[in-house]
Amino acid sequence: MKEKELKNIVECEHCGLFVDISEKKEDNLLKCPRCNTKLPLTNSYSFDALYYCISAFFVFILLNIYPLVSISIVGKDLKTTLIDTVLILYKEGFFFVSFVILFTIILSPLCSMFIIIYSFIHNHTRFELFPNYYIYNLFHFFKNWSFIDVFIVSIIVTYIKLIGMVSTTKFDIGFYLILFYLFLFYMANRKFNIKKVFEEK
Ligand SMILES: [Zn+2]
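Residues numbered from 1 in each chain as written. Predicted model: local features only at pLDDT ≥ 70, side-chain atom pairs only at ≥ 80, totals over all residues.

Draft legend 1. Fine view of the UniProt feature "transmembrane region" (unreviewed entry) in the protein. Here the UniProt feature "transmembrane region" (unreviewed entry) sits at residues 49-74, 94-121, 141-159 and 171-188. Within the segment residues 49-74, helix and strand shares are 58% and 19% respectively, and the terminal C-alpha atoms sit 46 Å apart. Strand forms 0% of residues 94-121 and helix 96%; the C-alpha atoms that close the span are 39 Å apart. (UniProt positions renumbered as here; feature names shortened; annotations may be inferred. Helix = DSSP H or I, 4+ residues; strand = E, 2+ residues; numbered from the N terminus.)

Draft legend 2. Structural context of the packing of helix H4 (residues 95-125) against helix H5 (residues 132-144). Where H4 contacts H5, the axes come no closer than 8 Å and their chain directions differ by 145°. Taken as a pair, H4 and H5 cross one another with a handedness that is left-handed. For the pair H4 and H5, the contacting residues are Ser108, Cys111, Ser112, Ile115, Tyr118 and Ser119 in the first and Ile135, Leu138, Phe139, Phe142 and Lys143 in the second. (Axes fitted to C-alpha atoms, helices over the stretch in contact; angles between N-to-C directions. Left-handed = near helix turned anticlockwise from the far one by under 90°. Contact = placed C-beta atoms within 7 Å.)

Draft legend 3. Unusual backbone geometry, seen in detail. Of note, Asn36 is a non-glycine position whose phi angle comes to about 70°, a positive value. Structurally, Asn36 is set in the loop between strand S2 (18-20) and helix H2 (48-63).

Draft legend 4. Broad picture of the sheet that holds strand S4 (residues 76-80). With antiparallel pairing, the three strands of this open sheet are ordered in space as S4-S3-S5. Looking at strand neighbours, the two that pair on one side only are S4 and strand S5 (168-171), the edges of this open sheet. With strand direction ignored, the average angle separating the axes of adjacent strands in the sheet is 15°. Of the strand pairs in this sheet, strand S3 (residues 69-73) and S4 are connected by five bridges, and their pairing is antiparallel. Residue pairing for S4: Ser70 is matched across the bridge by Lys79. (Pairing = 2+ DSSP bridges.)

Right under this line is the structure:
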């Protein structure tokens, strides 16, 4: 099959069916014939993903300044930031857990957003660090290993368990920042279509 024809094949994100959309290009509301899910349009790519990524990086910096949770035990205030959680676990001997958190909460989301930004730069300046297929695989790898949402749920569970055990616990600014960070990360990935970026040359 020629490359041009391949561009008109879209994969349904819900059921994985490949749909030929070459003849129905004018229709803005294409749906999968098998499961009726809205299909991604071929000829659209926006800068939204890039803006979400850049915002997410700023929020990430703030996230490392402000504590996630603050606890006070017998007059002593304990505040923990995102990086602190990794360091504390590491110092306590939980090497594997600290590595998992470092990788899934910090490195993977950052790498996948770096790839989004790189893709836009690559697309506009022809600047190339790695072959496209490599970037493509890396993007999906990091995206699948990003678990910010799981981390947030675990903070909430810990928080609930701490209520009553210590005098005061409260979610700090960092917690609201990580929620915002998750939102930006989610939107960046939702708006981004790596195939479109590398196709449009
Ligand atoms: Zn489908």
